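In case you want the letters, here they are:
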Amino acid sequence: QVQLVESGGGLVQPGGSLRLSCAPSGSIFSIKIYTMGWYRQAPGNQRELVATITSGGSTNYADSVKGRFTISRDNAENTVYLQMNSLKPEDTAVYFCNVGYNIRLQPPLGSWGQGTQVTVSS
């Protein structure tokens, strides 16, 4: 399974912004032909899919983040991004990325990494 590495999390005030990055560990796996997605998991909650982007650039978002989060990809850099604006305390979670063949990332093909912690608090 491909191992994905997330980065870019941190502590931010409500209304602030963060940009997360995700790339495969090592240089063998190319994201170019795959759908990529971001998940998040808050304490006590199940992991939820928040955004996906297909190989062709079509995007899909959970209702809770529509209009605030933007997923993008740079195939040349082999990296997927999640730009998060207007952050709210309820966005606090560990954020993970994964890879798949379809817009719902069912099933996710990568192994779950450590994720990156996002904390929104004043």
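Here the structure is a predicted model, which is why all the values come from computation and not from measurement. (Residues numbered from 1 in each chain as written. Predicted model: local features only at pLDDT ≥ 70, side-chain atom pairs only at ≥ 80, totals over all residues. Heavy atoms only, no water.)

J.: What is the right way to read the overall build of the protein from this model?
T.: A count of helical and extended segments in the protein gives zero helices and ten strands. From first element to last, N terminus to C terminus, the protein shows the α and β order β-β-β-β-β-β-β-β-β-β. Relative to its length of 122 residues, the protein is compact, with a C-alpha radius of gyration of 13 Å against a globular reference of 14 Å. Each principal axis of the C-alpha atoms in the protein carries an extent, and together these give about 40 × 25 × 25 Å. Considering only intrachain contacts with a sequence separation of at least 6, the fraction spanning at least 24 residues in the protein is 57%. Put simply, the protein shows about 6300 Å² of open surface, and 46% of that area lies on carbon and sulfur atoms. (Helix = DSSP H or I, 4+ residues; strand = E, 2+ residues; numbered from the N terminus. Rg over C-alpha atoms; globule rule 2.2 N^0.38 Å. Contact = heavy atoms within 4.5 Å. Areas by Shrake-Rupley, 256 points an atom, 1.4 Å probe, with all protein chains shown as cover.)

J.: Please explain the packing of aromatic side chains as it appears in this structure.
T.: Aromatic rings considered in pairs are described by the distance between their centres and by the relative angle of their planes. Applying the stated criterion to the full structure yields four aromatic pairs. An angle of 35° between the planes, with centres 5.6 Å apart, marks the rings of Tyr34 and Tyr101 as tilted. With Tyr34 in the loop between strand S3 (18–24) and strand S4 (35–41) and Tyr101 in the loop between strand S9 (93–100) and strand S10 (116–120), this pair connects stretches of sequence that are 67 residues apart. For Tyr34, a relative accessible area of 14% puts it in the buried group. Overall, the relative accessible area of 61% leaves Tyr101 in the exposed class. Note on Tyr39 and Trp112: the rings are 4.9 Å apart at their centroids and 85° apart in plane angle, and the pair reads as edge-to-face. Linking Tyr39 in strand S4 with Trp112 in the loop between S9 and S10, this pair joins segments that are 73 residues apart in sequence. (Phe/Tyr/Trp six-rings, centres within 6.5 Å; stacked < 30°, edge-to-face > 60°. Buried < 20%, exposed > 50% of the residue type's maximum accessible area, 1.4 Å probe, protein only.)

J.: I tried to follow the state of the cysteines on my own but got confused; where do I start?
T.: Working definition: the covalent bond between the sulfur atoms of two cysteines is a disulfide. Evaluation of the coordinates by the stated rule reveals one disulfide. Residue pairing for Cys22: its cysteine sulfur links by disulfide to Cys97, the two sulfurs lying 1.7 Å apart. Torsion about the S-S bond of the Cys22 and Cys97 cystine: about 55°, corresponding to right-handed handedness. Residue Cys22 is located in strand S3, and its partner Cys97 is located in strand S9; the two are separated by 75 residues in the primary sequence. The burial state of Cys22 is the same as that of Cys97; both residues are buried. (Disulfide = S-S within 2.5 Å.)

J.: Any chance you could explain the pattern of salt bridges here in plain terms?
T.: Charged atoms that come close allow side chains of opposite charge to pair. Scanning the model with the defined rule gives four salt bridges in all. One salt bridge in this structure joins Arg40 and Glu48, with 2.7 Å as the shortest N-O distance. Given the relative accessible area of 32%, Glu48 is considered partly exposed. Each of the salt bridges in this network shares a partner with another, and the network as a whole consists of Arg40, Glu48, Arg68 and Asp91. (Salt bridge = Lys/Arg side-chain N within 4 Å of Asp/Glu carboxyl O.)

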